[in-house]
Amino acid sequence: MPPEEPCANPLLLGWVQEWVDLARERNSKGLSTYRKAYAALKACPVTFQHPSQLEQLKGFGPTLCKRLTEKLEKHCRENGLPMPKRPRRSTIPGLANQDGEQDAEERPPKRQRKARPYVPTLRSGPYAIIMALATLEEGSRTGMKKEELIEVAQPHCDASFTAPPDPSSYYTAWSSMKTLLEKDLVYEKRGPTRRYFLTEEGWEVAQRIQHTLNPNQPRPAPSRPEPEIQEIGQAPPRPITRSPSLEIQDRPKEDSSYVDVVTSGDSTSASSEIPNFRPIRLAPGYFEVQLVLDVREVRAKTDRDYMQNELSKKGVNPIMRSLELGDALWIAKCKDANFLSRHGAEGDEVVLDYIVERKRLDDLIGSVKDGRFHEQKFRLKRSGVKNVVYIVEEIAMDSETLDRRAEMVQSAIASTQMVNGFFVKKTQKMDDTIRYLTRMTMLLKKQYESKPLLVIPTEVLTAQNYLPLLEHLRTKEPSTGHYISYPAFASLASKSDMMTLRDLYLKMLMCTRQVSGEKALEIQKRWKTPYDFVKAFENCGDGETGKKRKQEMVSGQMGNLFGRKRITKPLSQKIAEIWADT
């Protein structure tokens, strides 16, 4: 074998060799790194004055060079040798091009990045504070107190200046004042009462914002505007301490005062026949569209009026009452309180074709698990309201729980949209929900208050003919809406008699865990009534053989279905335990 060529840096190479051997003995992951560094140093023909120059070689980084420097310092102390000085230029001619790069001397100097002027995010805390302070005269010495500044800034911000978005958090939009003070955009005058002003840089930012919003106005108007009611940016805190549906479920159900307004009717075919009637015509100008909010829609048990108060600040004064169905709906309130009663209907309110069910993400997960989710959707579908809106508030949750339930949540939302035909609106917190309800109220005012409403007289309604009648009218006159009074709606929503035998059968099936609406419908297609279903189990026989047939009866007919309609053997066995005498 030919003798090995001498290394230009034997001392450094020896130390690297020691590290290679040590890493091999310990089976360390750094073995490959040391090997690359050893090979590069051994092949290098250049003698280095200082270990810091090794960074130009492949396999050497700051950490490895630092360790070699420490080794060299120790070696020099032990042997009484002077420690080589660290060179100013660590570049060694001939090495800078080894990676195909240019020498450091030939590289063009890096272009200095131009500092971008500070621009606050639209409707953020800094944005709102700057916009509020810009209502002062430039050069004013009065400034604004904190309370005064918050009052003027709040309409410009989507977050609250007084309440944190989460009860576990302490930060509000006012916390952004620290950023503005650090950036020297706001000046704080200390004293018995602290006052705040815009600095020269702050005025420049305010003028840039104003010019962006309105190019014809280069700087904000000096007069201080009153908070506009139509502003929908105020953000109430995120609800954390309440689970709406759980709280409603736990409360004892009170008998509705409207329960006897609409007769139940009997189950004969004559009871569900389409009646002939002359609708009550409610002309434009004789009614006003208003939002009705359930009294149980609260931020927390200690702050029950928050949602109502925030809606009122935005110009929407909701009617608060205990709703039989949903969390919010819209009604047309007659200006003449006796108009409907003179023409065959009750009260002075007409229910419009929009209803809202609000779910926080954690409540949605809980309701899917215990079956309330399907029950509530079932009742909403049977309400006859054409447009059902499901608001899902995607509040902050434990990431582990959310990851584990993510597929279930997506499946529930998808079925709500595709199977039930409901509109799903996702919001981040309660303040987004309040803004959405505000916008919807304004939109429905424009939509309904300019045209007449046709009201179905209550006297022709029964629990049996209500839905067939609505379906008939919507098919016959798709462009014309027909509505009922609120007492009639509440009466129908409170009646269990509205359910047909098929509806009751489906509800009974869905009481079994893992039996979804799709699976229940497939069972109902094969066994039309509960009697047929029980009879089919009885026909399977007795004994161990009969028991096995009962356990496999449902999966035998539905085990080969596609997707979520398929029923597995374990679920079939669970259904048999409930419906059969096993």
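Just so you know, these numbers come straight off a predicted model, no measurement behind them. (Residues numbered from 1 in each chain as written. Predicted model: local features only at pLDDT ≥ 70, side-chain atom pairs only at ≥ 80, totals over all residues. Heavy atoms only, no water.)

### Here's the deal with the overall build of the protein
Per the secondary structure count, the protein includes 21 helices and twelve strands. Counting over 582 residues, the protein shows a buried share of 45%. Sequence separation of at least 24 residues holds for 73% of the intrachain contacts in the protein that already meet a minimum separation of 6. Total accessible area on the protein stands at roughly 32,700 Å², and carbon and sulfur atoms take up 50% of it. (Helix = DSSP H or I, 4+ residues; strand = E, 2+ residues; numbered from the N terminus. Buried < 20%, exposed > 50% of the residue type's maximum accessible area, 1.4 Å probe, protein only. Contact = heavy atoms within 4.5 Å. Areas by Shrake-Rupley, 256 points an atom, 1.4 Å probe, with all protein chains shown as cover.)

### Description of the sheet that holds strand E3 (residues 195-198)
Sheet strands pair via backbone hydrogen bonds, and the direction of the pair is either parallel or antiparallel. The strand order across the open sheet formed by three strands is E1-E3-E2, and the pairing between neighbours is antiparallel. Each edge of the open sheet is held by one strand with a lone partner, namely strand E1 (144-145) and strand E2 (186-189). Inspection of the sheet shows E2 paired to E3 by four bridges, in the antiparallel sense. The residue of E3 that forms the bridge with Lys-189 is Arg-195. The strands that helix H4 (residues 125-133) touches are E1, E2 and E3; relative to E3, the one it contacts most, it runs at about 90°. (Pairing = 2+ DSSP bridges. Axes fitted to C-alpha atoms, helices over the stretch in contact; angles between N-to-C directions.)

### So, empty space enclosed by the protein
If you walk through the whole model with that rule in mind, you get two cavities of 30 Å³ or more. Volume-wise, the largest cavity comes out at about 80 Å³. Lining the largest cavity are Val-351, Leu-352, Asp-353, Gly-384, Val-385, Tyr-466, Leu-470, Arg-474, His-482, Tyr-483, Ile-484 and Phe-489. Contributing elements (two or more residues each) for the lining of the largest cavity: strand E8 (349-360), helix H15 (466-476) and strand E12 (482-485). Residues belonging to the lining of the largest cavity are distributed by class as follows: eight nonpolar, two polar and two charged. (1 Å grid on protein atoms, 1.4 Å probe; cavity = no way out; pocket = protein on both sides within 12 Å on 5 of 7 lines; lining within 4 Å. Points joined across faces, edges and corners; volume = space filled by probe spheres on them. Nonpolar A, V, L, I, M, F, W, Y, C, P; charged D, E, K, R; others polar.)

### Remarks on the packing of helix H19 (residues 530-538) against helix H20 (residues 543-558)
Two quantities define a packed helix pair, namely the angle between the helix axes and the distance between the axes. The geometry of H19 relative to H20 is characterised by a closest axis approach of 9 Å and an angle of 130° between their N-to-C directions. Taken together, the axes of H19 and H20 lie oblique to each other. Mapping the contact onto sequence places Phe-533, Ala-536 and Phe-537 in H19 and Lys-550, Met-553 and Val-554 in H20. Here the residues of the contact of H19 with H20 are counted per class, giving five nonpolar, no polar and one charged. (Parallel < 35°, antiparallel > 145°, perpendicular 65-115°, else oblique.)

### A short note on a negative patch on the surface
Residues Asp-184, Glu-200, Glu-201 and Glu-204 make up a contiguous surface patch of negative charge. By the secondary structure assignment, Glu-201 is in helix H7 (residues 200-213). (Patch = residues over 30% accessible without salt bridge, like charges linked within 9 Å, V, L, I, M, F, W, Y side chains within 5 Å. Salt bridge = Lys/Arg side-chain N within 4 Å of Asp/Glu carboxyl O. Lys, Arg positive; Asp, Glu negative; His and termini not counted. Charge placed at Lys NZ, Arg CZ, Asp CG, Glu CD.)

### Considering the packing of H4 against helix H5 (residues 146-153)
Where H4 contacts H5, the two axes come as close as 8 Å, and the packing angle between them is 105°. It follows from the interaxial angle that H4 and H5 lie roughly perpendicular. Residues Ala-128, Ile-129, Ala-132 and Leu-133 of H4 form the contact with H5, whose own contacting residues are Leu-149, Val-152 and Ala-153. Each residue belonging to the contact of H4 with H5 can be placed in one class, and the counts come to seven nonpolar, no polar and no charged.

### A closer look at the nonpolar core
Ranked by size, the top nonpolar core spans 41 residues in total, and within it Ile-355, Leu-364, Ile-456, Leu-461, Ile-484 and Phe-489 carry the most contacts. With six residues, helix H16 (residues 486-494) is the single largest residue contributor to this core. Those residues in contact with Ile-484 that sit more than four places away from it in its chain are Val-350, Val-351, Val-455, Ile-456, Leu-461, Tyr-466, Phe-489 and Leu-492. (Core = buried A, V, L, I, M, F, W, Y, C linked by side-chain atoms within 4.5 Å.)

### Quick word on the confidence of the model for the protein
Low-pLDDT stretches of the model should not have their predicted coordinates read in fine detail. Of the residues in the protein, 81% have a pLDDT of 70 or more, and the chain-wide mean is 80. Below pLDDT 50 for its whole length, residues 96-105 participates in 15 contacts with residues either more than four positions away or in separate chains. Residue range residues 218-255 is modelled with pLDDT below 50. Its contacts to residues more than four positions away, or to other chains, number 119 contacts. (pLDDT = per-residue confidence, 0-100.)

### Some points on the layout of surface pockets
Size it by volume and the largest pocket reaches roughly 1,300 Å³. Around the largest pocket sit 38 residues that line it, and His-374, Met-510, Ser-516, Gly-517 and Glu-518 are the ones nearest its centre. Those elements that place two or more of their residues in the lining of the largest pocket are helix H11 (361-370), helix H12 (372-382), helix H13 (399-418), helix H17 (501-510) and helix H18 (517-526). Tallying contributions element by element places H12 first for the lining of the largest pocket, with seven residues.

### Regarding the environment of Ile-280
If you trace the backbone, Ile-280 turns up in strand E4 (residues 280-282). You can call Ile-280 buried: its relative accessible area is 5%. In contact with Ile-280, other than residues within four places in its own chain, are Phe-339, Leu-340, His-343, Gly-344, Ala-345, Leu-453, Leu-454, Val-455 and Pro-457.

### Some remarks on the packing of aromatic side chains
On inspection of all chains with the given rule, the structure shows eleven aromatic pairs. Note on Trp-174 and Tyr-196: the rings are 5.4 Å apart at their centroids and 85° apart in plane angle, and the pair reads as edge-to-face. With Trp-174 in the loop between H5 and helix H6 (177-182) and Tyr-196 in strand E3, this residue pair connects regions lying 22 residues apart in the sequence. Tyr-196 carries the same exposure label as Trp-174, and that label is buried. Taking 6.3 Å as the distance between ring centres and 5° as the angle between the ring planes, the aromatic pair formed by Tyr-390 and Phe-422 counts as stacked. With a gap of 32 residues between them, Tyr-390 in strand E9 (residues 387-393) and Phe-422 in the loop between H13 and strand E10 (423-427) connect regions that are remote in the sequence. (Phe/Tyr/Trp six-rings, centres within 6.5 Å; stacked < 30°, edge-to-face > 60°.)

### With respect to the pattern of salt bridges
What the rule picks out here adds up to 26 salt bridges. Where Lys-314 meets Glu-310, a salt bridge forms, and the shortest distance between an N and an O atom there is 4.0 Å. The pair formed by Lys-314 and Glu-310 is uniform in burial state, with each residue classed as buried. We note a salt bridge from Glu-449 to Lys-445, for which the minimum N-O separation is 3.5 Å. When its relative accessible area of 27% is taken as the criterion, Glu-449 is described as partly exposed.

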